[in-house]
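Okay, here's what each chain looks like letter by letter:
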Amino acid sequence: DGGITQSPKYLFRKEGQNVTLSCEQNLNHDAMYWYRQDPGQGLRLIYYSQIVNDFQKGDIAEGYSVSREKKESFPLTVTSAQKNPTAFYLCASSIRLLSTDTQYFGPGTRLTVL
Amino acid sequence: DAKTTQPPSMDCAEGRAANLPCNHSTISGNEYVYWYRQIHSQGPQYIIHGLKNNETNEMASLIITEDRKSSTLILPHATLRDTAVYYCIVRVAGQNDYKLSFGAGTTVTVRA
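Residues numbered from 1 in each chain as written. Chains lettered and ligands numbered in written order. Predicted model: local features only at pLDDT ≥ 70, side-chain atom pairs only at ≥ 80, totals over all residues. Heavy atoms only, no water.

As a further point, take the overall build of chain A. In terms of regular secondary structure, chain A is built from zero helices and eleven strands. In chain A, the succession of α and β elements from N to C terminus is β-β-β-β-β-β-β-β-β-β-β. Compactness check: chain A gives a C-alpha radius of gyration of 13 Å against a globular reference of 13 Å for 114 residues, within 12% of the reference. On the principal axes, the C-alpha backbone points of chain A span a range of 35 × 25 × 25 Å. The long-range fraction of contacts in chain A, counting pairs at least 24 apart against all pairs at least 6 apart in sequence, stands at 54%. (Helix = DSSP H or I, 4+ residues; strand = E, 2+ residues; numbered from the N terminus. Rg over C-alpha atoms; globule rule 2.2 N^0.38 Å. Contact = heavy atoms within 4.5 Å.)

With that out of the way, let us pick up the nonpolar core. All names here are of chain B. Grouped together as the largest cluster of nonpolar side chains are 22 residues, with contacts concentrated most on Leu20, Trp35, Ile47, Leu73 and Tyr86. Of the residues forming this core, the biggest block, four residues, is contributed by strand S8 (residues 84-92). Leaving out residues up to four positions away in the same chain, Leu20 has contacts with Met10, Trp35, Ser71, Thr72, Leu73, Tyr86 and Val108. (Core = buried A, V, L, I, M, F, W, Y, C linked by side-chain atoms within 4.5 Å. Buried < 20%, exposed > 50% of the residue type's maximum accessible area, 1.4 Å probe, protein only.)

It is worth spelling out unusual backbone geometry at this point. What is expected of a backbone is that most residues other than glycine have negative phi and most peptide bonds are trans. Residue Pro8 of chain A is reached from Ser7 of chain A by a cis peptide bond, and omega for that bond is -10°. Within the chain, Ser41 of chain B stands out as a residue other than glycine whose phi angle is a positive 65°. Examined against the element boundaries, Ser41 of chain B turns out to sit in the loop between strand S3 (31-38) and strand S4 (45-50). Residue Ser41 of chain B is classed as partly exposed on the basis of its relative accessible area, which comes to 28%.

Side chains that differ in charge, positive against negative, can pair when their charged atoms come close. Residues and elements named next belong to chain A. Evaluated as defined, the whole model comprises seven salt bridges over all chains. Here Lys71 and Asp30 are joined by a salt bridge, their closest N and O atoms 3.4 Å apart. With a gap of 41 residues between them, Lys71 in the loop between strand S7 (64-66) and strand S8 (76-78) and Asp30 in the loop between strand S3 (19-25) and strand S4 (31-37) connect regions that are remote in the sequence. When its relative accessible area of 26% is taken as the criterion, Lys71 is described as partly exposed. With a closest N to O distance of 2.9 Å, Asp38 and Arg36 form a salt bridge. Like Asp38, the residue Arg36 is buried in the burial classification. By sharing partners, the salt bridges in this structure join Arg36, Asp38 and Arg44 into a single network. (Salt bridge = Lys/Arg side-chain N within 4 Å of Asp/Glu carboxyl O.)

All names here are of chain A. Taken together, the side chains of Tyr10, Phe12 and Leu114 define a hydrophobic patch exposed on the protein surface, amounting to about 380 Å² of accessible area. Tracing the backbone shows Phe12 in strand S2 (residues 10-13). Looking at Phe12, the relative accessible area reads 55%, which means it is exposed. (Patch = residues over 30% accessible without salt bridge, like charges linked within 9 Å, V, L, I, M, F, W, Y side chains within 5 Å. Areas by Shrake-Rupley, 256 points an atom, 1.4 Å probe, with all protein chains shown as cover.)

What follows is the structure in structure tokens.
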């Protein structure tokens, strides 16, 4: 079954701690994305990657970091520098980095900072 | 991208067809219409997209008017699991704008 997996589904973190969210896809897609969604709000792009070992900042990259060492994996680290990290985090992928290539989403990780 | 307008909410009876309208009167010739949905606390799910011809897949049908200023997503036999927020967006071919952004969408409630 092809798709995108994210883990964990729920994550709790104390203030001042870094935490890494996992995203894996077996769709053989080149492009991957991280979005943040806050209650009642739309999607905001954090980072995106066109290909292995390449990634670019999105609109709200401050306080986040990513890596793309393998095609199928695009982990997101939420650092202690992120001022308001409590949110629903969504990973997506598409065949290529084109505006009309369909983006497919994972199930999301809900991060709560205590 | 062209702006879209959707009704904020609609109800549908289980087993009946759900027809979700979307207005995109400023759409240009190279803009595609995409539909996604998001069930509560889950990731958005791609449903269907089209340029000017009607499209059908295993989930839904997309009917685009001849002037392309509006479209309708049809869920042929709605089930309780179709209860979700449905988003209609337009995407421009060839632009370097990769981020997806959803408006408020239509909250569809399927009732037994």
